[in-house]
Amino acid sequence: RHEAWLTAWRTRLPDCLESATRRQARKFFVGLDCEDTALHFIRIAALDSAVCQILAPLLAHEAPLSAVSEIKTTLSHILVDEARHVRISRAYAMAWGASPEQIRAEWQDIRVRLATLLESVGSDLATLGANPDKLFARLRQQPQLPQLPQPPHPRLASQFLHLPESTAAGCR
């Protein structure tokens, strides 16, 4: 759903990213791929939490995007979805055996790398209403994760992941 919204907007906007920025972004996202299921879920949660941090200032009352109701509504939906993804992905990472320390370390790494990637578009973020220095500092901070939930029961993990219950149970 998010991709469809963003693609529709992208077709109406000029292509302004430099090829070097595109290459760096592609390298960043390819680098997120991994075979370890727990690590995969940690990375989803880390990236989605960073998206929430990026969207928040863009949706602030004084931000230019908040004046365009279609954009504000869509980005607000994306923000809510991403926050939900963070909670679900973090819980499933724990179900697959990730420790709170591993989650914190991986979140820190992903968010620092994303901040570095976004530095090249800092002036664009400022035009959209974000303070890039504040945003990048927030992304680079050691994450203060809320109390991590108990891992879901293996049966719930198996339903979510479409795996046999015995497989999910072995990954706790």
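None of the values given here were measured: they were computed from a predicted structure. (Residues numbered from 1 in each chain as written. Predicted model: local features only at pLDDT ≥ 70, side-chain atom pairs only at ≥ 80, totals over all residues. Heavy atoms only, no water.)

J.: Explain helix H4 (residues 69-95) to me, and be specific about the residues and the numbers.
T.: Along its 27 residues, H4 runs 39 Å from first to last C-alpha, staying within 8% of the 39 Å computed at 1.5 Å per residue. In the segment just after H4, Gly 97 is the residue with positive phi, at about 105°. (Helix = DSSP H or I, 4+ residues; strand = E, 2+ residues; numbered from the N terminus. Expected span 1.5 Å × (residues − 1).)

J.: Kindly report on the packing of aromatic side chains, identifying the contributing residues and their values.
T.: Scanning all chains against the criterion turns up two aromatic pairs. Ring centres of Phe 28 and Phe 29 lie 5.0 Å apart, and the angle between their planes is 85°; this geometry places the pair in the edge-to-face category. Residue classification places Phe 28 among the buried positions, given a relative accessible area of 6%. What makes Phe 29 partly exposed here is its relative accessible area of 45%. Measuring from ring centre to ring centre gives 5.9 Å for Phe 41 and Tyr 92, while their planes differ by 35°; the resulting arrangement is tilted. Note that Phe 41 is positioned in helix H3 (residues 37-58) and Tyr 92 in helix H4, a separation of 51 residues in sequence. (Phe/Tyr/Trp six-rings, centres within 6.5 Å; stacked < 30°, edge-to-face > 60°. Buried < 20%, exposed > 50% of the residue type's maximum accessible area, 1.4 Å probe, protein only.)

J.: Provide a residue-level description of helix H7 (residues 132-140), including the pertinent values.
T.: What H7 keeps buried is the set Pro 132, Leu 135, Phe 136 and Leu 139. When H7 is viewed along its axis, its buried side chains cluster within an angular range of 95° and face the same direction. Turned more than 90 degrees from where H7 packs its buried face, Asp 133 and Lys 134 sit exposed. Two or three places before Asp 133, at the opening of H7, Asn 131 has a side-chain oxygen 3.1 Å from that residue's backbone nitrogen. (Arc of directions from axis to C-beta. Polar contact = N/O pair within 3.5 Å; in protein donor to acceptor, adjacent residues only side chain to side chain.)

J.: An account of the nonpolar core is requested, with residue identities and associated values reported.
T.: Of all hydrophobic cores here, the largest spans 37 residues; its most connected members are Phe 28, Ile 54, Leu 75, Trp 107, Leu 114, Leu 118 and Leu 139. Elements represented by at least two residues in this core include exactly H3, H4, helix H5 (100-118) and H7. In terms of residue count, H3 provides more of this core than any other element does, ten residues in total. (Core = buried A, V, L, I, M, F, W, Y, C linked by side-chain atoms within 4.5 Å.)

J.: Hey, could you go over the side chain of Gln 108 for me, with residue numbers and the actual values?
T.: Positionally, Gln 108 belongs in helix H5. Exposure remark for Gln 108: the relative accessible area of 18% places this residue in the buried category. When near neighbours in sequence (up to four residues on either side) are disregarded, Gln 108 contacts Arg 140, Gln 141, Gln 142 and Pro 143. (Contact = heavy atoms within 4.5 Å.)

J.: Run through the environment of Ile 44, naming residues and quoting values.
T.: Summarising the element assignment, Ile 44 is placed in helix H3. Given a relative accessible area of 27%, Ile 44 falls into the partly exposed group. Along the backbone, Ile 44 and Ile 88 are 44 residues apart, and their C-alpha atoms lie at a distance of 9.7 Å.

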